[in-house]
Amino acid sequence: MNRLSTRFFSFILIALFSSSSLANTVRLANGEWAPYQSKSLKHGGYISHLVTEAFAAEGYNVEFVYLPWKRGFEQTQDGELDGSFLWSRNEERAQHFFYSDKVLTLKTSLFQRKGAQIMWSKPEDLAKYAIGGVIGYAYGVEDLEKQGVVKISRISDADANYKKLAGGRLDIVLEDSNVGQTTVMRLGLTDQIEMNDKPIVERDYFLIVPKKSPRAQEILDAFNRGLAKVLAEGKLQKFEQESIKGNYQ
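In the nomenclature of an unreviewed UniProt entry, the protein chain corresponds to Amino acid ABC transporter substrate-binding protein from the organism Vibrio cidicii. Looking at the Sequence similarities (unreviewed entry) heading of the UniProt record, one finds this comment for the protein chain: "Belongs to the bacterial solute-binding protein 3 family."

Right, dumping it as structure tokens:
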């Protein structure tokens, strides 16, 4: 084989390898939702780690594209990205996305000042309290909020809500249980703020894949197969415990 033929052969091999690598790469919109997912955490947080492992079990590489949640959602819906996580199920999203099998179930809880008597049996009972939340977050009481029954003061800075709560300017902060406990600890407010024993709602969360993507079914099937494998191996529980220990920091 002469030098020209060798170069041509090498070029073909590189092209084939690059093509194969691209075909086996999944680009996912990721966002900031510690401890589950965050650019600042090892492996992108323990759920990002789980998603990576699930795809790897089926021979796929994952590239995370960190974007503000709204932009990441829109780019995924437009088919610019292969998928996004974590998202709960609703009718509006279901028009544009396929949902994976359940990745995990999370609880939304009430955070209150220590010793406060927040008495409630149903979400409507929260109408008498000053409640803090974050713009764009879903807490499971959105219908009541739209009706004006429950009023949530929403801001963009989640940390500021806990400072307002500690300062007596809010009665309640709504938050995912793990996220809230992590935030309270990080802000050094464990002696002032506690989580109410009763969760307000439990919600399942998924990876979503845009219906307009020509690879949608391929990606969804691969992820579901890989997810079943890593869950059977106990990796969700393992990664969660590692996260609680602070090993993703």
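In terms of burial, helix 2 (residues 46-56) is a largely internal element, 8 of the 11 residues being buried. Regarding helix 2, the residues found buried are Tyr46, Ile47, Ser48, His49, Leu50, Val51, Ala54 and Phe55.

With the rule as written, the count across this model stands at 13 aromatic pairs. Summarising the aromatic geometry, the rings of Phe73 and Trp87 are spaced 5.0 Å apart at their centres and angled 55 degrees between planes, so their arrangement reads as tilted. You can see Phe73 sitting in helix 3 (residues 69-77) and its partner Trp87 sitting in strand 3 (residues 83-88), a full 14 residues away along the chain. On the basis of relative accessible area, Phe73 is assigned to the buried category, the value being 19%. A ring pair is formed by Phe73 and Phe97, whose centres lie 5.1 Å apart and whose planes are at 50 degrees; its orientation type is tilted. Of the two residues, Phe73 is situated in helix 3 and Phe97 in strand 4 (residues 97-99); the sequence distance between them amounts to 24 residues.

Going from Ala34 to Pro35, the amide bond is cis rather than trans, its omega being 10 degrees. Among the structural elements, Pro35 can be located in the loop between strand 1 (25-30) and helix 2. Cis geometry is adopted by the peptide bond preceding Leu86, which originates at Phe85 and carries an omega value of -10 degrees. Here Leu86 lies in strand 3. Even without a glycine there, the phi angle at His43 is positive, about 60 degrees. Residue placement: His43 occurs in the loop between strand 1 and helix 2. A relative accessible area of 42% places His43 in the partly exposed class.

What counts and how
Residues numbered from 1 in each chain as written. Predicted model: local features only at pLDDT ≥ 70, side-chain atom pairs only at ≥ 80, totals over all residues. Heavy atoms only, no water. UniProt positions renumbered as here; feature names shortened; annotations may be inferred. Buried < 20%, exposed > 50% of the residue type's maximum accessible area, 1.4 Å probe, protein only. Helix = DSSP H or I, 4+ residues; strand = E, 2+ residues; numbered from the N terminus. Phe/Tyr/Trp six-rings, centres within 6.5 Å; stacked < 30°, edge-to-face > 60°.

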